Number of protein chains: 2
Amino acid sequence: MSTKNALPHHLKHLLEKGDVLYQAGLSVDCVIFSFHEQQLKILLLKMDVVQKWALPGGFIKISEPIEEAAYRVLRERTGLKDIFLQQFYVFGAPDRSDPSIHQKRYLNFGIKIPKDNWLIQRFITVGFFALVDYNEVLLQPIQEGVQFEWIDVEALNDLMMDHALIVQKALETLRTQLAYLPIGKNLLPKKFTMPELQKLYETILNEKLDRRNFQRKLLSFGILNRLNETKKGGAHKAAYFYTFNEKKYQKALKDGLYGSW
Amino acid sequence: MSTKNALPHHLKHLLEKGDVLYQAGLSVDCVIFSFHEQQLKILLLKMDVVQKWALPGGFIKISEPIEEAAYRVLRERTGLKDIFLQQFYVFGAPDRSDPSIHQKRYLNFGIKIPKDNWLIQRFITVGFFALVDYNEVLLQPIQEGVQFEWIDVEALNDLMMDHALIVQKALETLRTQLAYLPIGKNLLPKKFTMPELQKLYETILNEKLDRRNFQRKLLSFGILNRLNETKKGGAHKAAYFYTFNEKKYQKALKDGLYGSW
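Residues numbered from 1 in each chain as written. Chains lettered and ligands numbered in written order. Predicted model: local features only at pLDDT ≥ 70, side-chain atom pairs only at ≥ 80, totals over all residues. Heavy atoms only, no water.

1. Notes on the environment of Gly57(A)
And step 1. Mapped onto the secondary structure, Gly57(A) falls in strand 4 (residues 57-61).
And step 2. On a C-alpha basis, the gap between Gly57(A) and Glu144(A) in space is 16 Å, while along the polypeptide they are 87 residues apart. (Helix = DSSP H or I, 4+ residues; strand = E, 2+ residues; numbered from the N terminus.)

2. Re the interface of chain B and chain A
And step 1. On the chain A side, the residues contacting the 35 residues of chain B number 36 residues.
And step 2. Between chain B and chain A the total buried area reaches about 2,900 Å² when both faces are included, carbon and sulfur atoms providing 65% of it.
And step 3. Across the contact surface, chain B and chain A share 0 salt bridges.
And step 4. Within the residue set of the side of chain B that touches chain A, elements represented by two or more residues are strand 1 (22-36), strand 4 (57-61), helix 2 (66-78), strand 5 (86-91), strand 6 (124-131), helix 4 (163-178), helix 5 (194-205) and helix 6 (211-220) of chain B.
And step 5. For the side of chain B that touches chain A, the element with the most residues is strand 1 of chain B, which contributes 4 residues.
And step 6. For the side of chain B that touches chain A, the residue count by class is 22 nonpolar, 8 polar and 5 charged. (Contact = heavy atoms within 4.5 Å. Buried area = accessible area lost by both parts, 1.4 Å probe. Salt bridge = Lys/Arg side-chain N within 4 Å of Asp/Glu carboxyl O. Nonpolar A, V, L, I, M, F, W, Y, C, P; charged D, E, K, R; others polar.)

3. Focus on the packing of aromatic side chains
And step 1. One pass over the structure, following the stated rule, counts 30 aromatic pairs over all chains.
And step 2. Each ring, one from Phe33(A) and one from Phe129(A), has its centre 6.3 Å from the other, and the planes form 75 degrees; the classification is edge-to-face. You can see Phe33(A) sitting in strand 1 (residues 22-36) and its partner Phe129(A) sitting in strand 6 (residues 124-131), a full 96 residues away along the chain. Here Phe33(A) and Phe129(A) have matching classes, each one buried.
And step 3. Where Phe59(B) meets Phe123(B), the ring centres are 5.2 Å apart and the plane angle is 40 degrees; that geometry is what we call tilted. Taken together, the residues Phe59(B) in strand 4 and Phe123(B) in the loop between helix 3 (99-107) and strand 6 connect sequence positions 64 residues apart. For the pair shown, Phe59(B) and Phe123(B) are each scored as buried.
And step 4. Chaining the aromatic ring pairs together yields one cluster made of Phe33(A), Phe88(A), Tyr89(A), Phe91(A) and Phe129(A). (Phe/Tyr/Trp six-rings, centres within 6.5 Å; stacked < 30°, edge-to-face > 60°. Buried < 20%, exposed > 50% of the residue type's maximum accessible area, 1.4 Å probe, protein only.)

Dropping the structure here:
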């Protein structure tokens, strides 16, 4: 027989006081995107006892605004601060919760959660997403038995519960926003080439784009400044570097890429 | 002393069984838009005991998908069926619930809700919105002591709880969609003039638009067919009637007004 470790404080806390400290049946989950080495990535965590990648998420304190809960959960789970989160959808399929995940976490410490405990109920979750700079995120282990990693969107499989659906919906929201808002400021380095920008769009849209159409369209938005500097090396013709025109980028964020009415 | 009426079945039901039949702390609210006599209108209800206009809303059964709850609530409250509802935002300010509203409804029947009852808790609400044809909605009184009316968006004031905020956010979502999606099919008659279409946009955007720019932009989307027929009468030059090109309208709904990438 193995000796079980003592139940960590935060798990004890959830088990014994969850019902009075947290809003019943409601959680938040965060889809954090970044772009690195020409890949769109999502920040996921894996608990030793569950062995499936999952979105960072958590509960909402009884008198806490939902947005604050999302920021707090992200900070507590990943150490990330000052990230602009956008609420994008609520996931409420009656069978989306999986009480066996909680059971596994507690059984690991020799504890069986009673069937009438607050943790064993239907949870509806509010999805938030953010686009962040890959290089500004330091992935530190915050909790024991939990690892964090950036996973390629294309390499996702078998996520926990309905988290694949949540990622899918976040991607759809991102694709929709791509149609009328500028994107890239947090995702690309300060100067980038047109092929790099195109690759970002192609990755989000999950389709190949025509090089000339893309360039014409992007330039027509007037949000790019071309630098007098080209990127050397590579098999192709040297490509010019671009930066975003900060003022016009901000205006397009407000009025849309095609201008106001 | 007045004789109190017996508590209606649905209120008794909520009071006594709400905690086992419905998801705790969560509700849905529906913002139903239509356009009539050049005004954007919202379907609101007013309970005799509350005397403030409110959005049709209700609770989510313990094993009911959120979307189904929204459709059911709308049907039960207004008789409306087959309406395409879009989830748009979650409202979760800790102080948004107002237990005194429930108290008033029950006090009307001589009943005081106990403080620990399910109804007296923080409720977070999921907002849904829809655009409907004004003429297809028959406003029938479904519940006693509740009146329904189309209220001009511009004439809204002093709505119940945070419902003004919910309407505001629905309008913002509609304005954003206006930038990349076609609109008008459910809101305008089958044939309409350019000034009528412009008025719809102006009402949603809450700003005056330049007539020539508007016409040029709308025609450039390729979703309109001009008829060989003009609208007679009025102070202005006779205006051509237009209809939506069904095929191109549907394509624009899918790919966006500016086409796919």
